[in-house]
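Overview (structure and organization)
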Amino acid sequence: MPRAGLTVERVVEAAADLADEVGFEQVTLSALARHFGVKDASLYSHVRNLQDLRTRLALLAGGEMIDRIAAAVAGRAGKQALAAFADAYRAYALERPGRYAATQIRVDQSLVADSPALRRTAEITYGMLRAYGLEEPDLTDAVRLLRSTFHGYCALEAAGGFGAPRDVQASWDKAVDALHVALEHWPRGTTASAPGLRE
């Protein structure tokens with residue numbers, strides 16, 4: 001790879017590709033330096049350290065993922081929007097495993113307000129759930145339910161954790177149906193709390 005022309009964007013994109021190839025936890029500055037044919041020190045003019053790189057990778061992946069989800073849910077509401085959201089989430093998680101893993105790390109809250117991707121994620125997610133008539137604190141509770149269900153299912157599927165003969169897609173569709181029923185019959189909360197982008 002050429003030594004010249006490194007930019008923050010190129011470094012982060014390369015890190016994202018490497019994450020998909022070898023796993024998010026295996027992405028290091030040394031591995032990236034080898035990829036570009038430079039010394040480790042050359043990367044420090046573009047990223048401060050490994051944590052900075054991983055945060056940038058998380059924001060990149062989060063933006064990619066919400067772009068897919070936004071395109072899928074556009075013009076839909078209720079169960080159709082939920083199913084489109086869920087399917088786009090799962091597709092990204094399975095097709096881009098390293099990038100997806102990056103989206104699960106906790107991002108410094110001081111960066112959240114400055115991230116268009118994270119703001120858009122909150123807007124689309126909360127907007128979809130408000131169509132079910134939810135308000136705080138139920139919105140945050142519902143976001144946590146969806147996130148934990150989607151993430152748990154995708155993690156188990158990616159690891160080959162479903163051994164029963166039942167078709168995995170059929171189980172996924174049934175899970176989304178069950179979430180829709182749960183959201184339609186949500187037990188209402190009585191006290192409000194502030195929403196969090198990555199709750």
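For the structure, check the block above.
Let us look at the structure shown here. No experiment lies behind these values; they were computed from the predicted model shown.

**Some remarks on the pattern of salt bridges**
Across all of its chains, the model carries twelve salt bridges by this definition. For Arg-96, the salt bridge goes to Asp-20, with nearest N and O atoms at 3.4 Å. Linking Arg-96 in the loop between α5 (78-95) and α6 (97-103) with Asp-20 in helix α1 (residues 8-22), this pair joins segments that are 76 residues apart in sequence. Taking the relative accessible area as the measure of exposure, Arg-96 reaches 33% and is therefore partly exposed. Residues Asp-52 and Arg-56 are paired through a salt bridge, measuring 3.2 Å at the closest nitrogen-oxygen approach. Taken together, the residues span about one helical turn, with Asp-52 and Arg-56 both in helix α4 (residues 50-73) at a distance of four residues. If you follow the salt bridges from partner to partner, you end up with Glu-13, Asp-17, Asp-20, Glu-64, Arg-96 and Arg-99 in one network.

**Details of the packing of α5 against helix α8 (residues 116-130)**
Interhelical geometry of α5 versus α8 gives an angle of 145° and a closest axis separation of 9 Å. Note that α5 runs across α8; the crossing there is left-handed. In this structure, α5 uses Ala-81, Leu-82 and Phe-85 to contact α8, whose residues at the interface are Ile-124, Thr-125 and Met-128. Here the contact of α5 with α8 is composed, by residue class, of five nonpolar, one polar and no charged.

**Considering the nonpolar core**
Counting 35 residues, the largest nonpolar core has Ile-69, Leu-82, Leu-129, Phe-150 and Leu-183 as its most contacted members. Those elements giving two or more residues to this core turn out to be α4, α5, α8, α9 (138-158) and α10 (168-184). Here the element with the most residues in this core is α5; it accounts for nine residues. Of all hydrophobic cores here, the second largest spans 25 residues; its members include Leu-6, Ala-14, Ala-16 and Ala-33.

**Some details on the side chain of Thr-125**
Within the secondary structure, Thr-125 is located in helix α8. At a separation of 2.7 Å, a polar atom in the side chain of Thr-125 contacts the main-chain carbonyl oxygen of Thr-121. When residues no more than four places from it in sequence are discounted, the contact partners of Thr-125 are Phe-85 and Val-143.

**Topic: the packing of aromatic side chains**
For the structure on display, the rule yields six aromatic pairs. Residues Tyr-153 and Phe-162 carry aromatic rings whose centres are separated by 4.8 Å and whose planes lie at 45° to one another, so their mutual orientation is tilted. Their ring planes at 65° and their centres at 5.1 Å tell us that Tyr-153 and Trp-172 sit as a pair that is edge-to-face. Separated by 19 residues along the polypeptide, Tyr-153 in helix α9 and Trp-172 in helix α10 bring together distant segments of the chain. Exposure remark for Trp-172: the relative accessible area of 2% places this residue in the buried category. If you follow Arg-54 out to its NZ or CZ, it ends over the ring of Phe-24, 5.2 Å from the centre.

**Thoughts on the layout of surface pockets**
In this model, the largest pocket occupies a volume close to 320 Å³. Val-8, Asp-52, Thr-55, Arg-56 and Leu-59 are the residues nearest the centre of the largest pocket, which is lined by 16 residues in total. In terms of residue count, α4 provides more of the lining of the largest pocket than any other element does, six residues in total. Considering only residue class, the lining of the largest pocket consists of five nonpolar, four polar and seven charged.

**Observations regarding unusual backbone geometry**
With the exception of glycine, the majority of residues adopt a negative phi angle, and the majority of peptide bonds are in the trans configuration. Put simply, Glu-136 and Pro-137 share a cis peptide bond, and its omega is 5°. Within the element layout of this structure, Pro-137 appears in the loop between α8 and α9.

**Remarks on helix α2 (residues 29-36)**
Turning to α2, its buried residues are Leu-29, Ala-31, Leu-32, Ala-33 and Phe-36. For α2, the elements touching its buried residues are α1, α3 (40-43) and α4. The first or second residue beyond α2 is Gly-37, which carries a positive phi of 70°.

**As for α9**
Each α-helix turn comprises 3.6 residues. Residues three or four places apart therefore point the same way. The end-to-end C-alpha distance of α9 is 30 Å, a good match for the 30 Å that 21 residues give at a rise of 1.5 Å each. Residues of α9 that are buried in the fold lie against α5, α8 and α10. One or two positions beyond α9, positive phi appears at Gly-160, with a value near 70°.

The rules we used
- Residues numbered from 1 in each chain as written.
- Predicted model: local features only at pLDDT ≥ 70, side-chain atom pairs only at ≥ 80, totals over all residues.
- Heavy atoms only, no water.
- Salt bridge = Lys/Arg side-chain N within 4 Å of Asp/Glu carboxyl O.
- Helix = DSSP H or I, 4+ residues; strand = E, 2+ residues; numbered from the N terminus.
- Buried < 20%, exposed > 50% of the residue type's maximum accessible area, 1.4 Å probe, protein only.
- Axes fitted to C-alpha atoms, helices over the stretch in contact; angles between N-to-C directions.
- Left-handed = near helix turned anticlockwise from the far one by under 90°.
- Contact = heavy atoms within 4.5 Å.
- Nonpolar A, V, L, I, M, F, W, Y, C, P; charged D, E, K, R; others polar.
- Core = buried A, V, L, I, M, F, W, Y, C linked by side-chain atoms within 4.5 Å.
- Polar contact = N/O pair within 3.5 Å; in protein donor to acceptor, adjacent residues only side chain to side chain.
- Phe/Tyr/Trp six-rings, centres within 6.5 Å; stacked < 30°, edge-to-face > 60°.
- Lys NZ or Arg CZ within 6 Å of the ring centre and 35° of its normal.
- 1 Å grid on protein atoms, 1.4 Å probe; cavity = no way out; pocket = protein on both sides within 12 Å on 5 of 7 lines; lining within 4 Å.
- Points joined across faces, edges and corners; volume = space filled by probe spheres on them.
- Expected span 1.5 Å × (residues − 1).

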